[in-house]
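Given next are the chains, with one letter for each unit.
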Amino acid sequence: MTGWPEGVGRHVLEEIDSTNAEAARRAAAGEPAPCWILARRQTAGRGRMGRRWAMPDGNLAASLLIRPGCTPAEAARYSFLAALLVARLCDRLAPGATVSLKWPNDVLLNGAKVAGILLESGSAGQRVAWLALGIGVNLAHAPPSGAIREGGMAATSIAGEGGRAVAPEEALAHLAASFAELDALRAREGFAAIRRLWLARAARLGGPVTVHAADGAVNGVFEDVDLTGALVLRTSNGALRRIAAADIHFPD
Ligand code: BTN
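Rules used in this analysis
Residues numbered from 1 in each chain as written. Predicted model: local features only at pLDDT ≥ 70, side-chain atom pairs only at ≥ 80, totals over all residues. Heavy atoms only, no water. Helix = DSSP H or I, 4+ residues; strand = E, 2+ residues; numbered from the N terminus. Rg over C-alpha atoms; globule rule 2.2 N^0.38 Å. Buried < 20%, exposed > 50% of the residue type's maximum accessible area, 1.4 Å probe, protein only. Areas by Shrake-Rupley, 256 points an atom, 1.4 Å probe, with all protein chains shown as cover. Expected span 1.5 Å × (residues − 1). Contact = heavy atoms within 4.5 Å. Phe/Tyr/Trp six-rings, centres within 6.5 Å; stacked < 30°, edge-to-face > 60°. Lys NZ or Arg CZ within 6 Å of the ring centre and 35° of its normal. Polar contact = N/O pair within 3.5 Å; in protein donor to acceptor, adjacent residues only side chain to side chain. Salt bridge = Lys/Arg side-chain N within 4 Å of Asp/Glu carboxyl O. Axes fitted to C-alpha atoms, helices over the stretch in contact; angles between N-to-C directions. Parallel < 35°, antiparallel > 145°, perpendicular 65-115°, else oblique. Nonpolar A, V, L, I, M, F, W, Y, C, P; charged D, E, K, R; others polar.

### Structural notes on the overall build of the protein
So, step 1. Within the protein one finds five helices and twelve strands.
So, step 2. The C-alpha radius of gyration of the protein comes to 17 Å, within 12% of the 18 Å expected for a compact globule of 252 residues.
So, step 3. If you line up the protein on its principal axes, its C-alpha atoms span 50 × 45 × 30 Å.
So, step 4. In the protein, buried positions account for 50% of the 252 residues.
So, step 5. Carbon together with sulfur atoms contributes 51% to the accessible area of the protein, which is approximately 11,200 Å² in total.

### Quick word on helix H4 (residues 168–189)
So, step 1. Given a rise of 1.5 Å per residue, 22 residues ought to cover 32 Å, and the 31 Å separating the end C-alpha atoms of H4 matches this to within 8%.
So, step 2. Of the positions making up H4, those classed as buried are Pro168, Ala171, Leu172, His174, Leu175, Ala176, Ala177, Ser178, Phe179, Leu182, Asp183 and Leu185.
So, step 3. Along its buried surface, H4 packs onto strand S1 (9–16), strand S2 (35–42), strand S3 (60–66), helix H3 (78–93), strand S7 (127–137) and helix H5 (191–199).
So, step 4. Where H4 ends, the next residue or the one after it, glycine 190, has phi of about 85°, a positive value.

### A look at the packing of aromatic side chains
So, step 1. Enumeration according to the criterion identifies two aromatic pairs in this entry.
So, step 2. Ring geometry for phenylalanine 80 versus tryptophan 198: centroids 5.4 Å apart, planes at 85°, classification edge-to-face. On the criterion of sequence distance, the pair formed by phenylalanine 80 in helix H3 and tryptophan 198 in helix H5 is long-range, its members being 118 residues apart.
So, step 3. Owing to a relative accessible area of 4%, phenylalanine 80 belongs among the buried residues under this scheme.
So, step 4. Positioned above the aromatic ring of tryptophan 4, the side-chain terminus of arginine 10 is 5.7 Å from the ring centre.
So, step 5. Lying over the aromatic face of phenylalanine 250, lysine 102 brings its terminal NZ or CZ to 5.7 Å of the ring centre.

### Quick notes on the side chain of serine 18
So, step 1. If you trace the backbone, serine 18 turns up in the loop between S1 and helix H1 (19–28).
So, step 2. A distance of 3.1 Å separates the side chain of serine 18 from the backbone nitrogen of asparagine 20, its partner in a polar contact.
So, step 3. Of the polar contacts made by the side chain of serine 18, one reaches the backbone nitrogen of alanine 21; its length is 3.0 Å.
So, step 4. The contacts of serine 18, once residues within four sequence positions are left out, are Arg25, Gln42, Ala44, Gly45 and Arg46.

### Considerations on the pattern of salt bridges
So, step 1. Under the definition given, this model contains 21 salt bridges.
So, step 2. Between glutamate 15 and arginine 41 there is a salt bridge, with its nearest N and O atoms 3.1 Å apart. Within this pair, whereas glutamate 15 is found in strand S1, its partner arginine 41 is found in strand S2, the two being separated by 26 residues in sequence.
So, step 3. Judged by its relative accessible area of 34%, arginine 41 is partly exposed.

### Here's the deal with the packing of H4 against H5
So, step 1. It is at 6 Å that the axes of H4 and H5 come closest, and there the two elements cross at 130°. Classified by the angle their axes make, H4 and H5 are oblique. Taken together, the residues of H5 that come into contact with H4 (itself represented by Leu182, Leu185, Arg186 and Glu189) are Phe191, Ala192, Ala193, Ile194, Arg196 and Leu197.
So, step 2. Of the residues contributing to the contact of H4 with H5, the split by class is seven nonpolar, no polar and three charged.

Right, dumping it as structure tokens:
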């Protein structure tokens, strides 16, 4: 692992409501990007779909603020890149464990959720002016079981799977270096390269999944992720259906 990437800001905060909220405030105040914001404690961590994100001490809560100037659809695909950053961190810290990626952006360690990713953005006209890649990694502790919603995935931590317990600052340095590398790959070769890396680690690719989309649940086989980042599902009548946003569940 090389040092902290050149030209990338780094802010370490003792306590904040949410690193994503802080990224939004800083974006509005003209903070130079890219920069990482790490908090040792979050008092109002945000999860996907308006849920809360519990953060026991010793875990990582960080947001990367970038100013991509791209379309909202292109910005959404950064979640695949963010998941790869965490996967690489898990490879490094828990080399004996199995790391896989659950569409759209969960990271699993030995089949349980070890991290969550939440993208939030602000736009100027048709373009994304700023994007916060919020990343929570259970370095030391899984959230208490009461914090896991009904039907939600079991959670784990890197330490809980026999991995090396590191300080959030050390984990952040890994994420920052990986982002610099993978974002350069994205800039050179486009999302296709990120998609390839993501698919190589996809959980249940080619297997049965249940997709809970806005219009209800549908069962099928997880065939692919396309170049827009949509999940491609083969339904029971053999038709392919593209799903841009949903939660997926794995049948036992
Ligand atoms: C999920 O629901 O799986 C996404 C959780 C994302 C949590 C991270 S912690 C750092 C950043 N700040 C937040 O308030 N949320 C994200």
